[in-house]
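Report on the structure
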Amino acid sequence: MSLPPVFAASALYDNLLQAALRQFFSRATFETEPIPSLSSDGRLAIEPTNDPSVLTIRWFGSRHVLHVPARRPFTEHEVRLAKAIGRVLAARYRAIFDPKQMLERGELFRGAIEDRYVSALLDAGTEPTQPRADLIATAIEVLRVAALSSYENRSISSGVLLLEGDEDPMRPENRPSGIEYKYSQALTGIKSFYRLCDGLRTLFLVNRSGVVLDIMEVERYAKPATLEVPCSILYRSHARATLGNQNIAIVLSPTHEIKIFAEGRQVFTFRNAKWHLLDVEAKYELWASAVGNRPLAERLFQTALDLADFREGALFVVLREAASSLPHLVAPGDQLDAIRPSAAEVPNRMQLMHMLRGRNATDLDPAVLEALARTDGATVMDGSGRLLAVGAILLHSEPPEPHSYLAVEGARTTAAMAAGRYGAVLKVSEDGLITFYDQQERIWDI
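First, a word on what this report is: a plain description of the structure on this page. These numbers come from a predicted model, not from an experiment. The residue count restarts for each chain, going from 1 along the sequence in the order it is written. In keeping with the predicted nature of the model, local features appear solely for residues at pLDDT of at least 70, side-chain atom pairs appear and are counted solely at 80 or more, and the whole-chain, interface and lining totals rest on all residues. Only heavy atoms go into the side-chain values, all of them from the structure, while hydrogens and water stay out.

Attention now moves to the overall build of the chain. Secondary structure summary: the chain contains 13 helices and 19 strands in total. Across the 446 residues that make up the chain, the buried fraction comes to 51%. Throughout, a residue-residue contact means that at least one pair of heavy atoms, one from each residue, lies within 4.5 Å. When contacts within the chain are restricted to residue pairs at least 6 apart in sequence, long-range pairs at least 24 apart make up 59% of them. Taken as a whole, the chain presents about 21,000 Å² of accessible surface, with 52% of it coming from carbon and sulfur. Secondary structure counts use DSSP, requiring at least four H or I residues in a row for a helix and at least two E residues in a row for a strand, with both numbered from the N terminus. Here the term buried applies to any residue with accessible area under 20% of the maximum for its type, exposed to any over 50%, and partly exposed to those in between, with areas from a 1.4 Å probe on protein chains only. Using a 1.4 Å probe, the Shrake-Rupley method yields the accessible areas, and only the shown protein chains count as cover for residues.

Strands sit in the order β1-β4-β3-β2 across an open sheet of four strands; the sheet is antiparallel. Two strands in the sheet have a free side with no partner beyond their single neighbour: β1 (29-34) and β2 (45-47). On average, each strand axis in the sheet is inclined to that of its neighbour by 25°, with strand direction left out of account. Along the sheet face, helix α2 (residues 76-96) touches β2 and β3 (54-59) and points at about 10° away from the line of β3. In this scheme, strands are said to pair when DSSP sees at least two bridges between them. Only the stretch in contact is used when a helix axis is fitted, and all axes are lines through C-alpha atoms; the angle between N-to-C directions ranges over 0 to 180 degrees.

Another aspect to go through is a nonpolar patch on the surface. Each patch is assembled from residues with relative accessible area greater than 30% and no salt bridge, linking like charges that lie within 9 Å and nonpolar side chains (Val, Leu, Ile, Met, Phe, Trp, Tyr) that lie within 5 Å. Definition used for salt bridges: Asp or Glu carboxyl oxygen within 4 Å of a side-chain nitrogen of Lys or Arg. Where nonpolar side chains cluster on the molecular surface, the patch consists of Ile96, Phe97 and Met102 and spans about 250 Å² of accessible area. In this structure, Ile96 sits in helix α2.

Where burial is concerned, most of strand β17 (residues 423-428) is hidden: six out of the six residues are buried. Bridge analysis of strand β14 (residues 314-319) against β17 gives six bridges, and the strand direction is antiparallel. In the sheet register, Phe316 faces β17, and the bridge partner there is Leu426. Sheet topology note: the β17/strand β18 (residues 434-438) ladder contains four bridges and is antiparallel. Note on β18: the bridge partner recorded for Lys427 is Thr435. Remark: five residues form the turn of the hairpin made by β17 and β18, two consecutive strands paired antiparallel; Gly432 in that turn has positive phi of roughly 95°.

Next up on the list: the nonpolar core. In this structure, Phe25, Tyr183, Ile250 and Phe268 are the most contacted members of the largest nonpolar core, which totals 61 residues. The element contributing the most residues to this core is α2, with eight residues. Among all residues touching Ile250, those that are not within four sequence positions of it are Ile136, Ala139, Ile140, Leu143, Gly159, Val160, Leu162, Ile258, Lys259 and Ile260. Throughout, nonpolar core names a set of buried Ala, Val, Leu, Ile, Met, Phe, Trp, Tyr and Cys residues whose side chains join them through atoms within 4.5 Å. If you look at the next biggest cluster of nonpolar residues, it comprises 38 residues, including Leu286, Leu305, Leu336 and Phe436.

Positionally, Thr303 belongs in helix α9 (residues 294-309). Assessed through its relative accessible area of 3%, Thr303 is described here as buried. Ignoring anything within four residues of it in the chain, the contact list for Thr303 reads Phe316, Leu369 and Glu370.

Turning our eyes to something else, we now look at the pattern of salt bridges. Applying the stated criterion to the full structure yields 23 salt bridges. In this structure, Glu33 and Arg63 form a salt bridge, with 3.1 Å as the shortest nitrogen-oxygen distance. With Glu33 in strand β1 and Arg63 in strand β4 (residues 62-67), this residue pair connects regions lying 30 residues apart in the sequence. By relative accessible area, which is 32% here, Glu33 ends up partly exposed.

Here we take up the packing of aromatic side chains. Each Phe, Tyr or Trp ring (for Trp, its six-membered ring) is paired with any other whose centre lies within 6.5 Å, and the angle between the two planes then decides the class: stacked below 30 degrees, edge-to-face above 60, tilted in between. Under the defined criterion, the tally for this structure stands at 17 aromatic pairs. When the ring of Phe25 is compared with that of Phe74, the centres are 6.1 Å apart and the planes differ by 70°; the resulting orientation is edge-to-face. One end of the pair, Phe25, is in the loop between α1 (5-24) and β1; the other, Phe74, is in the loop between β4 and α2, and 49 residues separate them in sequence. Comparing Phe25 with Phe74, the two get one shared label, buried. Considering the side-chain rings of Tyr235 and Phe261, the 5.7 Å spacing of their centres and the 25° angle between planes classify their relative orientation as stacked. You can see Tyr235 sitting in the loop between β9 (212-217) and α7 (236-240) and its partner Phe261 sitting in strand β11 (residues 258-262), a full 26 residues away along the chain. For the pair shown, Tyr235 and Phe261 are each scored as buried. Connected via pairs of aromatic rings, a cluster forms that spans Tyr13, Trp59, Phe60, Tyr93 and Phe97. A ring is scored as having a charge over it whenever the NZ atom of a lysine or the CZ atom of an arginine sits within 6 Å of its centre and within 35 degrees of its normal. Residue placement shows Arg27 over the ring face of Phe74; its charged tip is 5.7 Å from the ring centre.

Another point: the sheet that holds strand β7 (residues 158-162). Reading across the sheet, the seven strands line up as β9-β8-β7-β10-β11-β12-β13 and stay open at both edges, with mixed pairing between neighbours. Since the sheet does not close on itself, it has two edges, and those belong to β9 and β13 (274-277), each with one partner. Here the average twist between neighbouring strands, direction ignored, is 20°. The sheet contact formed by strand β8 (residues 202-206) and β9 spans five bridges and is antiparallel. Residue pairing across strands places Phe204 opposite Ile215, the latter belonging to β9. The strands that helix α4 (residues 113-122) touches are β10 (248-252), β11, β12 (265-271) and β13; relative to β12, the one it contacts most, it runs at about 175°.

Following this line, the structure appears as structure tokens:
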């Protein structure tokens, strides 16, 4: 016997909710429990709680409870994302039982539903069916199509700055002339579209109505202000263009990631076929707290972001007790303080590093620190930032058990987790992923 349509739809949308929560909140443990009353009107509620490490969502006679470690409670952006997911699903559910809404809100059903969750969070409005949310989702879809294309056998990069209003704040006279066009998938069929902007220095300028006003250099719209949240040097102007306003920059990078900037920071990235809420500010604060030296934490975090965008691997280790832990982690021949002068005519590798003895990571030029970090092995320092080893192959004083998860990881990951016994570790993978380890635990990924 088949279920009535309303109950079948309720089951479907409850499953969609669970799938979304598991995707975007993979760090949380997930529990579902029934509640006495079964509502079928599509209302979704996030129940208030005094525990910031618990998020409770009630829908269709079920209560979904998400738990995260108390050390890293749910952030403001994560709560906003949960509400955005709820708004999208509730709006879709109500629309399928109302033909008028289906006609009026057809855009809500276009494209990937995950794009709708993202656009609902970024939209300042309260409904995921507002034109602004539709425009954000459309821009994402345009770049999705571009990511599948190439131009003259080269990968495409592109991007768009969505203005908060209908006028160009830098050129108020730059208004639609009557032959304007909208930023939409139709543009992807025009070959020259892919050569008009590169997404790094230049972007399409689109107003709130979706009309393309111009192709501009992003630096022109970047505010001359210091960012509160670190950002890769390649995209610092994109973040500053969204600082103190409701502008949104959406970029397809040369490595085929879709990056979204809002509120003066990178908010989302789409890679490996999934959206990721970055929460860079919260993650940076965890890293800075573990390092205990803010200038050092900021320099290493910034370097990691830049290396990740250039797809360069690196490993930074900040030791808590350098005197006692360094011998367990770095062989004497790799320790900078152990370098001795040599009369040999041909210097060895470690002698090349003699100029780094006693140097501090915060005093090095950023480009020099990046170059050192690219060297095979780890860059090890104490809590003050004094360099102890560069390009060191780390020792595993306590080898993993034969069936340990450490044994099946890559060499850089194994070294990072082993080093986590002695300090805060920042690992940059060549696929662009940044991971923070502490106490042999993976704390977060970016």
